[in-house]
Amino acid sequence: MIDSSDLLADPLSDLLRLAEVQTAMTGQLDAQGPWSLSFPPPQGLKLFAVVRGEAWLTLAGEAPRRLAPGDLMLMHRGGPYVVGSDPALPPEDAMLRFVGVDPQRPRVCLGDGSEFTMIGGHVTLSEDCGGPMAGALPVCLLVRADEAEAPVLRWLLESLMRERSLQRPGHRLMAEQLTQMLFVQMLRLHLSRSQAVDCGWLRAFGDARLQPALRCMHEQPGRAWTLEELAGAAAMSRTAFAVRFKAVVGLAPLAYLSEWRMLLARRALRQEARPMAAWVGELGYASESAFSHAFKRVVGMSPAQYRQRSRSALLPATAQPEPLPQAA
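Attention in this report is confined to the structure presented alongside it. (Residues numbered from 1 in each chain as written. Predicted model: local features only at pLDDT ≥ 70, side-chain atom pairs only at ≥ 80, totals over all residues. Heavy atoms only, no water.)

Helices and strands together make up the secondary structure of the chain, namely 12 helices and 11 strands. Taking the principal axes of the C-alpha coordinates as reference, the chain spans close to 65 × 55 × 40 Å. Across the 328 residues of the chain, 45% fall into the buried class. The contacts of the chain with a sequence gap of at least 6 include a subset with a gap of at least 24, amounting to 73%. Put simply, the chain shows about 16,100 Å² of open surface, and 54% of that area lies on carbon and sulfur atoms. Averaged over its 34 positive side-chain charges, the chain has a centre that lies 3 Å from the centre of its 33 negative ones. (Helix = DSSP H or I, 4+ residues; strand = E, 2+ residues; numbered from the N terminus. Buried < 20%, exposed > 50% of the residue type's maximum accessible area, 1.4 Å probe, protein only. Contact = heavy atoms within 4.5 Å. Areas by Shrake-Rupley, 256 points an atom, 1.4 Å probe, with all protein chains shown as cover. Lys, Arg positive; Asp, Glu negative; His and termini not counted. Charge placed at Lys NZ, Arg CZ, Asp CG, Glu CD.)

The structure is reproduced here in structure tokens:
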């Protein structure tokens, strides 16, 4: 369950895999002339890319921001927001514009659509394992087209638009993969702005001083790591390492290790064919009983309840059993 072929070699890749990230660009807005649309608060993670022209983005309670071709936005939580040609224009409800459009290729055209194009989609994360990532993201992550990584972003966006336009065999999968690459590249750029990243897992993944210790825990989660060993991997004193780790991650190093083991355990309970007793040792637990006690304390239900609930969620609605009661 825990080997180099199963998990990738760096902590961010590990978390992306456990979070079961799925992305898709699903809608398109073309506009011309004066226009302004008000969008409801994002449900989940929303990804937008400006393909052509310029517009203004206004978040609730914030000054308008100018959008240019190649700019990317990742919206999360927050309130309603407005996109338009002029922030002074009164906006109309964007959702009314999308009523009656083709659900397979939702597209709205304002005017003749010749001046501005923006595509939008969504990023979905595992409900159980996506929390550490989603919780560390800002309300709006804006990546400008003139960032240092602009050539990569431009190539990805141009390739995505080409796939959407030509619709050659396999275009759907290609578009999904390109959108996921855009998402990961945005995360990378966000991590490079270390001072702008809130305390949490993502900030830790962008901290070069902590990377060696994080890799140790990710590569060998079942090992009984000591604070001294992890500090040594980071080439820091025990005290300096503990203070820095807590300030950056928001958790003590060994508490982070425990949470990482629990994320791996959730995936194993959903996907592992082997009995639980055969793999709990790989996560550092001396027995199935010790693991079950720790899992119930953290998750609020026994491993057996969690496994049954997770697998029943994959059944057709008509075949789903009654929900399991939550453990006290």
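There's plenty left to go through after this.
Before going further, it helps to examine the sheet that holds strand β7 (residues 81-84). The strand order β5-β4-β7-β2-β8 describes an open sheet built from five strands, whose pairing is mixed. Only two strands of the sheet have a single partner each, and these edge strands are β5 (65-67) and β8 (92-93). Alignment of strand β2 (residues 36-39) against β8, held across two bridges, turns out to be parallel. Opposite L37, over in β8, you have E92 as the bridge partner. (Pairing = 2+ DSSP bridges.)

With that settled, consider the packing of aromatic side chains. For any pair of aromatic rings, the description rests on two quantities: the centre-to-centre distance and the angle between the ring planes. Per the stated rule, a full pass over the model turns up 12 aromatic pairs. Ring centres of F245 and Y256 lie 5.8 Å apart, and the angle between their planes is 75°; on these two criteria the pair is classed as edge-to-face. Placement of F245 in helix α9 (residues 238-249) and of Y256 in helix α10 (residues 253-271) is noted, with a sequence separation of 11 residues between them. The pair F245 / Y256 is uniform in exposure class, with both members buried. When the ring of F295 is compared with that of Y306, the centres are 5.5 Å apart and the planes differ by 70°; the resulting orientation is edge-to-face. (Phe/Tyr/Trp six-rings, centres within 6.5 Å; stacked < 30°, edge-to-face > 60°.)

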